[in-house]
Amino acid sequence: MTGIPDSGPVTLDQLKQKMAEFAKERDWERFHSPRNLLLALVGEVGELSEIFQWKGEVPKGLPDWKEEEKVHLGEELSDVLLYLVRLSDICGIDLGKAALRKVELNAIKYPATVRKDASSKQNQISTTASTTNNVTENA
Ligand SMILES: Nc1ccn([C@H]2C[C@H](O)[C@@H](COP(=O)(O)OP(=O)(O)OP(=O)(O)O)O2)c(=O)n1
């Protein structure tokens, strides 16, 4: 329905190539500087945030959202991803490799065998949040 052939999983490399072509075809490479792309990325994160703004917490899977709202969400998530991929490319960073490395670093920092530690850190965050909420509620 989208006119995009289903040719298997989409890779970061495909997106990188698409963004490079998109910029080249429009002679927009001169605008795609690291700083411009970062600002565009932040702007799109703002647009993404607006979708959730004032809604309160929403259930996972967004079961109550209309189809058009989910389509809009997909568009804003895509804008963020596309600018992130382009920014990484322009900066000479292999985003896929960098992200996999970061996942490994995260696993070292938060070993699965000491889940209590991780959960106690999570608990600290939850406790802080609930304390903050209580303060707000009690104010
Ligand atoms: N100089 C530009 C301008 C746009 N894009 C691409 C990347 C994004 O995926 C999308 C962003 O387009 P818009 O700036 O028109 O932003 P929106 O699509 O969010 O539209 P709007 O801000 O009107 O909601 O287009 C790009 O690569 N380089």
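The notes below deal with the structure included here. (Residues numbered from 1 in each chain as written. Predicted model: local features only at pLDDT ≥ 70, side-chain atom pairs only at ≥ 80, totals over all residues. Heavy atoms only, no water.)

**Focus: the overall build of the protein chain**
Alright, step 1. The secondary structure content of the protein chain amounts to five helices and zero strands.
Alright, step 2. For the protein chain, the N- to C-terminal ordering of α and β elements is α-α-α-α-α.
Alright, step 3. A burial count over the protein chain gives 14% of its 139 residues as buried.
Alright, step 4. When contacts within the protein chain are restricted to residue pairs at least 6 apart in sequence, long-range pairs at least 24 apart make up 66% of them.
Alright, step 5. Of the roughly 11,200 Å² of accessible surface on the protein chain, 59% is carried by carbon and sulfur atoms. (Helix = DSSP H or I, 4+ residues; strand = E, 2+ residues; numbered from the N terminus. Buried < 20%, exposed > 50% of the residue type's maximum accessible area, 1.4 Å probe, protein only. Contact = heavy atoms within 4.5 Å. Areas by Shrake-Rupley, 256 points an atom, 1.4 Å probe, with all protein chains shown as cover.)

**Focus on the site of the ligand**
Alright, step 1. Taken together, Met 19, Phe 22, Trp 28, His 32, Glu 44, Glu 47, Glu 76, Asp 79, Leu 82 and Tyr 83 make up the full set of residues near the ligand.
Alright, step 2. Interatomic distance of 3.2 Å between a side-chain N/O atom of Tyr 83 and a nitrogen atom of the ligand.
Alright, step 3. Here the ligand loses 54% of its free accessible area of 580 Å² to cover by the protein chains.
Alright, step 4. Going through the elements one at a time, α1 (12-25), α2 (34-52) and α3 (67-90) are the ones with two or more residues in the shell around the ligand.
Alright, step 5. Looking at the shell around the ligand element by element, the count peaks at four residues for α3. (Near = heavy atom within 4 Å. Polar contact = N/O pair within 3.5 Å; in protein donor to acceptor, adjacent residues only side chain to side chain.)

**Observations regarding the pattern of salt bridges**
Alright, step 1. Enumeration over the complete set of coordinates arrives at six salt bridges.
Alright, step 2. With its nearest N and O atoms 3.6 Å apart, the salt bridge here joins Lys 16 to Asp 13. You can see Lys 16 and its partner Asp 13 sitting in helix α1, three residues apart, about one turn around the helix. (Salt bridge = Lys/Arg side-chain N within 4 Å of Asp/Glu carboxyl O.)

**Quick look at a nonpolar patch on the surface**
Alright, step 1. Taken together, Phe 22, Trp 28 and Phe 31 make up a surface patch of nonpolar side chains, about 280 Å² in accessible area.
Alright, step 2. As for its placement among the helices and strands, Trp 28 is situated in the loop between α1 and α2.
Alright, step 3. Note on Trp 28: relative accessible area 36%, which makes it partly exposed. (Patch = residues over 30% accessible without salt bridge, like charges linked within 9 Å, V, L, I, M, F, W, Y side chains within 5 Å.)

**What to know about unusual backbone geometry**
Alright, step 1. Residues other than glycine seldom take positive phi values, yet Trp 54 does so here, at roughly 70°.
Alright, step 2. As for its placement among the helices and strands, Trp 54 is situated in the loop between α2 and α3.
Alright, step 3. Exposure remark for Trp 54: the relative accessible area of 81% places this residue in the exposed category.
Alright, step 4. The backbone of Leu 62 sits at a positive phi, close to 50°, despite the residue not being glycine.

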